[in-house]
Amino acid sequence: MGAESRDLVQGTLEMLVLKTLALESMHGYGISLRIEQISNGVFRINPGSLLPALSRLERSGRVRGEWRASENNRRARYYTLTAAGRKALEQECRQWGRQVAAISRILEA
Amino acid sequence: MLRSLIDGVRALLHPAERNAQIEEELKSFFDASVEDKIRSGMSPEKAARAARAEIGSGETVRHKIWLAGWESAVDSLMRDLRFAARQVKKSPGFAVVTVLTLALGIGANTAIFLLTYSLLLKSLPVPDPGRLVRYSAFSKDGDHAISYRVYEAMREHPGPTSGLFAWDDSVAELDEGGRSSQIPVGLATGSVFQVLQLRPYLGRGFEEAAGERGVPLENEALVSYGYWKSHFRSDPNILGRTIELNHGQMTIIGVLPPGFEGIAPEHRDDLLLPLSFERVMDGKFAMIDQAGAFWLTVMGRLKPGVTLQQARSALTATARLDFDTADPQHKLLTNDLFGGGYRLGVVAGRTGQSWLRQQYDEPLKVLEGLCALMMLLCAVNVALLVLARVSGRLHEFAVRSALGAARSRLMSQVLMETALLGLAGLALGGCLGWELAQALVTIITKIGDQPALNLQVGAAIILFAVTLGLGAALLAGLWPAWRASHAAPALDLRQARTQTRTGHLGRWLIPIQVALGVVLIYAAVLMTSTLRNYLKENSGFAPDGVTFGDLSYQNADPSDQGQVRKAFALAEALRHQPGIESAALLSLAPVRGWSMTGVYYSRGPKGQVRASEGIWNQEGTEGYFATLGTKILEGRGFASMDIGGAKVCVISRSAANFFFPGEDPIGRFITEGNGQPPPGKAPKQSPASYRVIGVAQNARIGSLAKPAPMALYTLYAQDKHPWTPNLVAVRSSNDALAAAAIRREVALILPGALSPKIYTFDQAVDADLSRQRLLSNVSGGFALLALALVGAGLFGVLSRTVTERRREIGIRMALGAERTRIVVTLARSTAIRIGIGVVAGAVLAALAGRLMKSLLYGVSAESPLVALATLGLLATVLTTAFVLPAGRAASIQPMEAIRDE
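These figures come from a predicted structure and were not determined experimentally.

Things to note about unusual backbone geometry
Residues and elements named next belong to chain B. The phi dihedral of D128 falls on the positive side, at around 50°, and the residue is not glycine. Residue class for D128 comes out partly exposed when judged on its relative accessible area of 48%. Within the chain, Q197 stands out as a residue other than glycine whose phi angle is a positive 55°. Q197 sits in the partly exposed class, given a relative accessible area of 30%.

Structure below.
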């Protein structure tokens, strides 16, 4: 996979965002940074994909966004995982796990 | 979900706010990114540059965020619609013609569907109407009413039903403050409330056994919701109010549920009365007490789990026996009236019961079929119009395509423009359809009756109209849309119009138009010929100048000689009015669908007896033949000298041929049977014998649409027990004068009677032939429209072809082709296409003709004259449409045409 997050399927990106927010509430750039760090630079999410994804998640009630002062005393929109979001994350992780296991089985067959 | 809805709507209504939000979030992302990069050691400028590079095009990102919400799709749609509207406004002429064409098609279809729905499809407004069934006496002529005795027998064996009720539609006389009027009423047994599950809006219903023969009559009535609102002004104290009905007091005990006005769409009842009220209305001749009176509709509700099929089988097992034993007179009398062979049967009762439905079932179905063809023709014309318009804008589409517009976008643009036109056509067509439907209802309404149907716009109608309108518009726009989306920039950006690609579809649409036109014109020729044949047919009357007045009396008791004398005085007084040539009283109103038959026999010279149960009896005064115009062929008509003497009669030609074949009927005797066929040894002459004094021409007394029956005319004055005369007929030179005279004299001589219903013979004929008139008028309208559309279509296509091929024709002319050759070539290609259309149309028309067979009279579906008339009409229009473009083609100046780029 390249460094372009365009290679990530839309659903997978949302799952990663939800997971990131499960640890703590963050603003957009923070999420992008965290995903890049944890994936060791494999995934670099640009705002053209992240911000629409966050908008979709907010619309579907999985995250809640509010304007807060960031670490530099600037205004930033912080996103928090909701209960519905937590449930969705669980489901998606399970789904992902199944898919990965299936692919592994096929590749090792 | 709700959150998404609210946010989306807010974004739509306050786009600036949303944009500011998006902008702010992106900005904060940028700032955070810059901060982070500075922290990792970059200089501020480098950090800013790097951050900007990471984000890329801010506009693109902002747009992507906007797209994440559903409102972006709605916003996009709104923009497209506004754009489409602007494009349509640019060519108002095209828009107007297209909208008109669609409106005409939609209007016609909506009108016919309104009628069809109201009469054929609408369920009774009661709970679970699908479980209702209706019992009837079926013969090959249709279904007929049932007698009370049979209903009683059925009530004992309800079988598959959980309950039965009997119903009659009638009119009652309401007296209010000295003024009397007639109101439509329904008479029913009390079981109607349980079977139909009627829950009165106010008050209560009848007892279960109310209205039955043995049960004393309660003077109770219910009013319909509509009548309560309009006539009683929603009086909250309506319960317990009394009204004077047929000279007796009735107490109102309830208000029927809103929407329920009886079981027949054409007879909407203001009051619901117990069935036995009929005794009050008919006195000595109450049908509820008579055997052999057929006047009731019987309906029931199936038990849960029982199907109609099971009900049918249950019926055949037991019913026939009960039917005939319950009413032995039935067999004899029904054989007379219905040509024998009736069976008690059961059908679905969801739509109630309607005699009108039987009459108009087939015509409406035929009209629906023609409507569909009409709509198709309109759609084809609209397609041609849109195609022409698109062809004129290929440049615009080519540019957009070259700039990267997706094919689907271009297609959706054209479809949206067409859809907008479709909506406008729908609005206009809806109004047109409503007006047309009302006009059609006046055609089928009987004289003096309430409007045949109470048209209401419900969900079904709206759904139909919208689906039809938008569907037709979109269908018409499909090919032009495809054409627009495939505008090849290379070819269409150049002005060269040498390609005739856009004429392609136009060429294929011409045969389709012609085919549809052929069928519509053919149908119209058949229907109008049928109507004309009925009218031309020798009816046996001279209708011009004849006016009728329906008479009603205080009570219809024929032993009241006083009333009969008054009626005579009425006829006498009218005879002497200025402007009136003659007047007569009659028992049977001609051409109104009434009938009155009896048994008569004659004795031959060798003693053989000829008898018939189907002789129609018309009783009148001596002015009868002069007034109605029925010619006397042999002997003479009635004269005043007959009044005091032995009984005389005049018989129709057909009766003369039956009773006295090959002999001179004058002076012979015909005797009245008394309900039984005569024994072999009938006396030659008896007090019930009439001496034949004349033979009259055959007259279609019952209906113009039925053959003339055998008739026997007698005199009121010679009848010891005459029925009180039902109507007076007057021959005059001025209808208005006659009407005024009748009204005046009735008021003078029969005070207290209701104002007579007055109508002319021509009006009666119109009403009698209303079915044929409906078919003829509507199909005729369609044919005219079809001719206009086909002509316009051909004209349009040819004009465009000539325009597109200007250069080509110019070159050919410059190379030496003669003008006539050009025209001939054009004519040949056009003729081929028209020919294909005619052949296809002929096949369809043959099919249509077979379906319409039973509606024809005096003309056969395969008649060559009909085919000739159809093709002749079509040829006239098509030739006219051809002439102008051909003339333009022939007058092209070669040099100019070639020079024009």
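Picking up where we left off.
Describing the packing of helix 13 (residues 355–392) of chain B against helix 16 (residues 459–485) of chain B
Residues and elements named next belong to chain B. In contact at an axis separation of 8 Å, helix 13 and helix 16 are set at 35° when each is read in the N-to-C sense. For the element pair helix 13 and helix 16, the recorded crossing hand is right-handed. Contact residues: helix 13 offers M375, A379, V382, A383, V386, L387 and V390, while helix 16 offers L468, A472, A476, W479, P480, R483 and A484. Here the residues of the contact of helix 13 with helix 16 sort into 13 nonpolar, no polar and 1 charged.

Some remarks on the nonpolar core
Residue and element names in this part refer to chain B. Counting residues in hydrophobic clusters, the biggest one holds 106 residues, and the most contacted among them are L115, M374, L377, V514, L774 and F782. Here this core takes 18 residues from helix 13, the largest share from any one element. Excluding residues that lie within four positions of it along the chain, L377 makes contacts with Q513, L516, L520, A786, L789 and V790. Formed by 43 residues, the second largest nonpolar core is a distinct cluster that contains I146, L187, Y227 and V306.

Topic: the sheet that holds strand 1 (residues 26–27) of chain A
Residue and element names in this part refer to chain A. The strand order across the open sheet formed by 3 strands is 1-3-2, and the pairing between neighbours is antiparallel. Each having just a single partner strand, strand 1 and strand 2 (63–69) make up the two edges of the open sheet. Pairing analysis gives 2 bridges linking strand 1 to strand 3 (residues 75–81), with the strands arranged antiparallel. Bridged to H27 within strand 3 is Y78.

Focus on the confidence of the model for chain B
All names here are of chain B. In this model, chain B carries an average pLDDT of 87, and 93% of its residues clear a pLDDT of 70 or more. When mean pLDDT is compared element by element in chain B, strand 9 (residues 271–274) scores highest at 95, while helix 12 (residues 328–338) scores lowest at 53. Here residues 496–500 scores under 50 on pLDDT; set against residues more than four positions off or in separate chains, the count is 6 contacts. Model confidence for the complex is summarised by a pTM of 0.83, with the ipTM given as 0.89.

Observations regarding the pattern of salt bridges
Counted according to the given criterion, the structure contains 40 salt bridges over all chains. Across the pair D31 of chain B and K27 of chain B runs a salt bridge, and its minimum N-O distance is 3.3 Å. Here D31 of chain B pairs with K27 of chain B, and both are found in helix 2 (residues 15–39), just 4 residues apart, close to one helical turn. The residue K853 of chain B makes a salt bridge to E862 of chain B at a minimum N-O spacing of 3.3 Å. One network of salt bridges, with partners in common, ties together R59 of chain A together with D7, R18 and E71 of chain B.

A short note on helix 2 (residues 28–38) of chain A
Given 3.6 residues per helical turn, the α-helix brings residues three or four places apart onto the same face. For helix 2 of chain A, the full list of buried residues reads G28, Y29, G30, I31, S32 and I35 of chain A. The positive-phi residue at the C-terminal boundary of helix 2 of chain A is N40 of chain A, with phi of around 55°.

Let's talk about the interface of chain A and chain B
Counting residues at the interface gives 22 residues for chain A, matched by 27 residues for chain B. On the chain A side of the contact with chain B, Y29, L51 and R59 of chain A bury the most area, a combined 38% of that side's loss. Here chain A is connected to chain B by 5 salt bridges. Across the salt bridge formed by E71 of chain B and R59 of chain A, the nearest N and O atoms sit 2.8 Å from each other. Across the contact surface, chain A and chain B share 6 residue pairs in polar contact (both at pLDDT 80 or more).

Things to note about the confidence of the model for chain A
Taken residue by residue, chain A gives an average pLDDT of 87. The fraction at 70 or more is 91%. Confidence, expressed as mean pLDDT per element, reaches its minimum in chain A at helix 1 (residues 10–23) of chain A with 88 and its maximum at helix 4 (residues 83–108) of chain A with 92.

Section: the packing of helix 5 (residues 71–90) of chain B against helix 15 (residues 407–444) of chain B
Residue and element names in this part refer to chain B. Their axes nearest at 9 Å, the elements helix 5 and helix 15 cross at an angle of 65°. As the angle between them shows, helix 5 and helix 15 are arranged roughly perpendicular. For helix 5 against helix 15, the interelement crossing comes out right-handed. Facing S76, L77, D80, L81, F83, A84, A85, Q87 and V88 of helix 5, the residues of helix 15 in contact are R409, Q413, M416, E417, L420 and L421. Within the contact of helix 5 with helix 15, the residues separate by chemical class into 9 nonpolar, 3 polar and 3 charged.

Quick word on the packing of aromatic side chains
Residues and elements named next belong to chain B. Applying the stated criterion across every chain, the model contains 22 aromatic pairs over all chains. Centre to centre, the rings of Y227 and F232 are 5.7 Å apart; their planes meet at 85°, and the pair counts as edge-to-face. As far as burial versus exposure is concerned, Y227 and F232 are alike and both buried. Ring centres 5.1 Å apart and planes at 90° place the aromatic pair Y624 and F625 in the edge-to-face group. Across the pair, F625 and Y624 agree in class, each one buried. An aromatic cluster is present here, built from F541, F548, Y759 and F761 joined pairwise through their rings.

Parameters at a glance
Residues numbered from 1 in each chain as written. Chains lettered and ligands numbered in written order. Predicted model: local features only at pLDDT ≥ 70, side-chain atom pairs only at ≥ 80, totals over all residues. Heavy atoms only, no water. Buried < 20%, exposed > 50% of the residue type's maximum accessible area, 1.4 Å probe, protein only. Axes fitted to C-alpha atoms, helices over the stretch in contact; angles between N-to-C directions. Helix = DSSP H or I, 4+ residues; strand = E, 2+ residues; numbered from the N terminus. Left-handed = near helix turned anticlockwise from the far one by under 90°. Contact = heavy atoms within 4.5 Å. Nonpolar A, V, L, I, M, F, W, Y, C, P; charged D, E, K, R; others polar. Core = buried A, V, L, I, M, F, W, Y, C linked by side-chain atoms within 4.5 Å. Pairing = 2+ DSSP bridges. pLDDT = per-residue confidence, 0-100. Salt bridge = Lys/Arg side-chain N within 4 Å of Asp/Glu carboxyl O. Buried area = accessible area lost by both parts, 1.4 Å probe. Polar contact = N/O pair within 3.5 Å; in protein donor to acceptor, adjacent residues only side chain to side chain. Parallel < 35°, antiparallel > 145°, perpendicular 65-115°, else oblique. Phe/Tyr/Trp six-rings, centres within 6.5 Å; stacked < 30°, edge-to-face > 60°.

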